[in-house]
Amino acid sequence: MSPLDKVVDWNSTSGPAKKIVVITSRLLSDAHRYILRCLSALQTVCSCAIFTCISETGHSAYPESPLGPDAYREYESLLVQDYEELAGKSLRNSSHAGESTVKESVSAEDEGWSQLTTSKEATPNFSSVASPQKLYGDSVIDLTEDVGKKLKVSVHHFPLVLCPFSPRFFVLPSEGSVAEAYLSTEHDNSISFGLPPISTGTPADGEDVPPGAILTAQFLYHLAAKMDLKLEIFSLGDISKTVGKLLTDMSSLYDVGRRKRSAGLLLIDRTLDLLTPCCHGDSLVDRMFSSLPRRERMSPFSQAKSSQSQLKLGPAYLQRSPLTVQIPLNNSLREETSSFDNFQLVANIEAFLRGWSSRDSTSQMVELVNLSAKLSDEMSLQDFQSDLLCGSFVSTENFHGTPYLEAILERRTKDGAVLIKKWLQESLRRENMSLNVKVRPGYVSKSDLQPMIKALAKSQSSLTKNKGIIQLAAAALYALDESHSAKWDAFNSAEKILNVNAGDTSQSLAAQICDLINKSAFVSSQGNNKLDAQRGILTLQDALLLTVVGYILAGENFPSSGTVGPFSWQEEHFMKEAIVDAIVENPTVAKLKFLQGLTQDLEANFNRQSEEKKEGLSNTESVDFDDDDWGSWGDEDAGKDKNKEQVYGDMQLKLELRDRADNLFKFFHKLSSLKKNISFREWSQALESKFNDDPYSNKGLLYKVLSRVLAKHEVPGLEYHSSTVGRLFKSGFGRFGLGQAKPSLADQDVILVFVVGGINGVEVREAQEALSESSRPEVELIIGGTTLLTPNDMFELLLGDCSCV
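Residues numbered from 1 in each chain as written. Predicted model: local features only at pLDDT ≥ 70, side-chain atom pairs only at ≥ 80, totals over all residues. Heavy atoms only, no water.

Per an unreviewed UniProt entry, the recorded name for the protein chain is Sec1 family domain-containing protein MIP3-like isoform X2, and the organism is Nicotiana tabacum. UniProt, in the comment section headed Sequence similarities (unreviewed entry), describes the protein chain in these words: "Belongs to the STXBP/unc-18/SEC1 family." (UniProt positions renumbered as here; feature names shortened; annotations may be inferred.)

Q: Requested: an account of the overall build of the protein chain, with residues and values cited.
A: A count of helices and strands for the protein chain gives 33 helices and 14 strands. A total of 805 residues make up the protein chain; the buried ones form 49% of that total. Long-range pairs, those at least 24 residues apart, make up 80% of the contacts in the protein chain with a sequence separation of at least 6. About 39400 Å² of surface is accessible on the protein chain, with carbon and sulfur atoms providing 51% of the total. (Helix = DSSP H or I, 4+ residues; strand = E, 2+ residues; numbered from the N terminus. Buried < 20%, exposed > 50% of the residue type's maximum accessible area, 1.4 Å probe, protein only. Contact = heavy atoms within 4.5 Å. Areas by Shrake-Rupley, 256 points an atom, 1.4 Å probe, with all protein chains shown as cover.)

Q: A description of the nonpolar core should follow, citing residues and the corresponding values.
A: A general tendency of soluble globular proteins is for nonpolar side chains to be buried together. Met288, Phe393 and Ile420 are the most contacted members of the largest nonpolar core, which totals 67 residues. Ranked by size, the runner-up nonpolar core spans 64 residues in total, among them Leu516, Leu544, Leu545 and Met794. (Core = buried A, V, L, I, M, F, W, Y, C linked by side-chain atoms within 4.5 Å.)

Q: Mind laying out the environment of Arg295, listing which residues take part and the relevant values?
A: If you trace the backbone, Arg295 turns up in the loop between α10 (284-291) and α11 (309-313). When the C-alpha atoms of Arg295 and Val325 are compared, they prove to be 6.2 Å apart, with 30 residues separating the residues in sequence. Aside from chain neighbours lying at most four places away, what touches Arg295 is Glu175, Pro322, Thr324 and Gln326. Within the structure, the side chain of Arg295 is placed 2.5 Å from the side chain of Glu175, a separation counted as a polar contact. (Polar contact = N/O pair within 3.5 Å; in protein donor to acceptor, adjacent residues only side chain to side chain.)

Q: Quick one: what's the story with the side chain of Gln512, residue by residue and with numbers?
A: Take Gln512: it is sitting in helix α22 (residues 506-526). A residue is classified by how much of its surface remains accessible, and Gln512, at 18% relative accessible area, is buried. With near-sequence residues (within four places) excluded, Gln512 lies in contact with Ile497, Leu498 and Asn501.

Q: Can you break down the sheet that holds strand β12 (residues 719-721) residue by residue, with the values?
A: With respect to topology, seven strands assemble into an open sheet ordered β6-β7-β14-β13-β9-β8-β12, the strand pairing being mixed. Edge strands, defined here as strands with exactly one partner in the open sheet, are β6 (163-166) and β12. Across the sheet, the axes of successive neighbouring strands diverge by a mean angle of 25°, strand direction being ignored. Across six bridges, the pairing between strand β9 (residues 261-269) and strand β13 (residues 750-756) is parallel. Looking across to β13, one finds that Gly264 is bridged to Ile751. Here helix α32 (residues 761-773) sits on the sheet in contact with β7 (169-171) and β14 (780-785), set at roughly 160° to β14. (Pairing = 2+ DSSP bridges. Axes fitted to C-alpha atoms, helices over the stretch in contact; angles between N-to-C directions.)

Q: Any details on helix α7 (residues 238-250)? Residues and values, ideally.
A: Over its 13 residues, α7 runs 19 Å from end to end, which matches the ideal 18 Å to within 8%, given 1.5 Å per residue. Where α7 is concerned, the buried positions are Asp238, Ile239, Ser240, Lys241, Thr242, Val243, Gly244, Leu247 and Thr248. (Expected span 1.5 Å × (residues − 1).)

Q: Please set out the packing of aromatic side chains residue by residue, giving values where relevant.
A: All told, the structure shown has 11 aromatic pairs when counted by the stated rule. When the centroid spacing of 5.1 Å and the interplanar angle of 40° are considered together, the rings of Phe234 and Tyr720 count as tilted. Note that Phe234 is positioned in strand β8 (residues 229-236) and Tyr720 in strand β12, a separation of 486 residues in sequence. Taking the relative accessible area as the measure of exposure, Phe234 reaches 3% and is therefore buried. One aromatic cluster is present, formed by Tyr551, Phe567, Phe665 and Phe668 through successive ring pairs. Taking the ring centre of Tyr703 as reference, the NZ or CZ of Lys699 above it sits at 4.9 Å. (Phe/Tyr/Trp six-rings, centres within 6.5 Å; stacked < 30°, edge-to-face > 60°. Lys NZ or Arg CZ within 6 Å of the ring centre and 35° of its normal.)

Q: How would you sum up the pairing of β14? Please name residues and give values.
A: Summarising burial for β14: five of the six residues are buried, a large majority. Bridging between β7 and β14 involves three bridges; their strand directions are parallel. Note on β14: the bridge partner recorded for Phe170 is Gly784. Here β13 runs beside β14; their pairing, made up of six bridges, is parallel. Counterpart to Phe754 in the pairing with β14 is Gly784. Regarding the hand of the β-α-β motif, the stretch spanning β13, α32 and β14 is right-handed. (Right-handed = clockwise from strand over helix to strand, strands pointing away.)

Q: Mind laying out the packing of α10 against helix α17 (residues 413-430), listing which residues take part and the relevant values?
A: At a closest axis distance of 8 Å, the pairing of α10 and α17 adopts a crossing angle of 85°. Classified by the angle their axes make, α10 and α17 are roughly perpendicular. For the pair α10 and α17, the contacting residues are Leu284, Arg287 and Met288 in the first and Thr413, Gly416, Ala417 and Ile420 in the second. (Parallel < 35°, antiparallel > 145°, perpendicular 65-115°, else oblique.)

Q: Tell me what's going on with the sheet that holds strand β5 (residues 152-157), and back it up with residues and numbers.
A: Strand order in the open sheet formed by three strands is β1-β2-β5, with parallel pairing between adjacent strands. Strands at the two margins of the open sheet, each flanked by one partner only, are β1 (19-24) and β5. When strand polarity is set aside, the average angle formed by the axes of neighbouring strands in this sheet is 15°. Helix-sheet contacts for helix α1 (residues 28-41) involve β1, β2 (47-52) and β5, and the interaxial angle to β2 is about 150°.

Q: Describe α1, naming the residues involved and giving the relevant values.
A: Note: α-helices contain 3.6 residues per turn, so residues at a spacing of three or four share the same orientation. The terminal C-alpha atoms of α1 lie 19 Å apart, and with 14 residues this matches the ideal 20 Å at 1.5 Å per residue to within 8%. Along its length, α1 reaches its greatest deviation from straightness, about 30°, at Tyr34. A large share of α1 lies buried, amounting to 13 of its 14 residues. (Bend = angle between axes of the 7 residues up to and from the residue.)

Q: Residue-level account of the packing of α17 against helix α18 (residues 446-456), with values.
A: A pair of packed helices can be characterised by two numbers: the angle between their axes and the separation between those axes. Their axes nearest at 10 Å, the elements α17 and α18 cross at an angle of 35°. For α17 against α18, the interelement crossing comes out left-handed. Residues Lys421, Leu424, Gln425, Ser427 and Leu428 of α17 form the contact with α18, whose own contacting residues are Asp448, Leu449, Met452, Ile453, Ala455 and Leu456. Classifying every residue of the contact of α17 with α18 gives seven nonpolar, two polar and two charged. (Left-handed = near helix turned anticlockwise from the far one by under 90°. Nonpolar A, V, L, I, M, F, W, Y, C, P; charged D, E, K, R; others polar.)

Q: Describe unusual backbone geometry, listing the residues and the values that go with them.
A: Even without glycine at this site, Asp228 takes up a positive phi of about 60°. Residue Asp228 is classed as partly exposed on the basis of its relative accessible area, which comes to 33%. With a phi close to 55°, Asn432 is a non-glycine residue in the positive phi region. Position of Asn432 among the secondary structure elements: in the loop between α17 and α18.

Q: Help me get a handle on the pattern of salt bridges, residues and values and all.
A: As enumerated under the stated definition, the model contains 25 salt bridges in all. Of the charged contacts in the structure, one is a salt bridge between Arg26 and Glu180, with a shortest N-O distance of 3.1 Å. Here the residue Arg26 occupies a position in the loop between β1 and α1, and Glu180 occupies one in helix α5 (residues 177-180), the gap between them amounting to 154 residues. Just as Arg26 is buried, Glu180 falls in that class too. Put simply, Asp282, Arg412, Lys699, Arg765 and Glu769 are held in one network by salt bridges that share partners. (Salt bridge = Lys/Arg side-chain N within 4 Å of Asp/Glu carboxyl O.)

What follows is the structure, given as structure tokens:
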């Protein structure tokens, strides 16, 4: 909570807050310091109800959680203990030292909580008032008496904390424990902590089960229970099989025996298809999420250092990008304001802050006045205005953005933009507004959308009624602007070229990858990255992502070309040298995980070389013959000692860089071997046999699997997890001819598809296409995933901090 959250106390007729409700998608151990801060900010609270989406079983099974099987009751007593200890310290300090600040953090011995409140920003402070009394209206509240009372805490399970994009598509909260728990431990088949390992046919068992699989199984189990569904579970991929097994083990005879609606659950590993989320497909939603600014991440959650599993298994949590986009409405809704209006706005804000903080403490007063001084700066004012005018996909006033977002999820980029233009025209007709703008049918440009958005937003009533479509249109306008769409289109063109070359020979594909790396290195060395992005010019990071795409394509098309990888030694050597040279020329561009520890040396080397080039140019401009220089002319060893140390340093740096490049290419070999598994190769060939007639069909895995499942064709490797009763029939009564037939996923009226590791907008659209093209379009299809993946997210997972390079 920030000081501005106390605005609820403005109303003098209302009494102090006595109860507080906390809803969290994190483990209780992670949320502990924030809950303490809430309680300290509202010092009169005597009842605290906490709702978490992680069950008690999930808390006890998670290796980083200090709570046991009775997690909720344990946390209730721990929170009361920490709160009373902190309150007692604060009141004692305030009585002795006036407005002293509590700097000690709460410690709970033997429970691993000591790291939870060490952050200065998060340390609760009970001494924000000058005395333990506070004035509310005409009554005086004695805080000493309130703190002395026993705080009543209750913890409850609230499983339905998810992010629905539409009634048929959802992901998990980006900063929640389920989405950020790692899905892979560090071993030979791991490619990223945020993605399932490469499938080998032997799912993880026992202690090797990653926490992400445990929490995902818990989430799906409780989701099905709340929807009153009996799940028939099918899985594809090792981690999905592990999740399916955990789900089956959680089912009891009571659950199976109850009358519930039957539904099919299809679990798929993200690692089975890395190509689709890496590519820049034809989806307006994906373009929006890739281009729009996101809310900044919260500070990392402190973890107890007593656990040794973090050192063995990798990071405790992934750092996923928040899904909260901030649609910049300032450019779309407001005209250019004059400097007088800007100064008037600053004056109003400062007066507001000073008036509001008149009853508050001195420290908060200083903080708010500093904020107003910051706003006096012109650039800060522009940032502040843009922050004030930030929209979201769904208007919280009337939720009219929901059907709009659902409709464009199933459309391609051009169709989605045309649909948004049509909705704007309909909204203008309803408001009886007319525009003198010539609108071309079947085509959308900035000049078409912007006047309609501004017209709808002119009056307050029209803005409120049509906020849903205005925000979505502003997001589309931002994503389709040339400064953002140029790079997406450049990526799309490069990916198409790689696809064409992959259908030819490995030499042509390797040459194309080298060309992309060399071009990106040359362009980056010339200068302005922002200008390059507006022109659609690719950087070195972009070229590395395209190299990932090239290796995955090579693994699919040339599985037996090289002894280790899909390329020959010579082809790979050229690519390595291109990457090494590009990094030497642009050390600040590629701050990647595989270069950790070398970045400073590379930057120092680059700065030295650039200085030498400048000196060389200045020397050639003014040639001065000095007699002293002629004395060493003809002496071969004269200049050797001078540069020997520097040459050896450069050589050592280059050798170290080549070693790092070798490790990077071993990782690329891993990505290219995704389909070398025998069962997986047979399975992929069976899937692609249907689509061989169309050479331009680049459909993703989800489309191919659903097409075969709904057509009742066999999918090799698809495992069915029989229920408790099913296993009983199979093992016992099956001997007497009472066996149970294996159900078919296509026979279910409700099919829930969940991609473990994440999903993107293109796959959601293709899944709906597969359903509409099938013989059973009436099936209710619900699609979910760990998170929404953009190509930038895939770069971070494969080559960033979450990578296993």
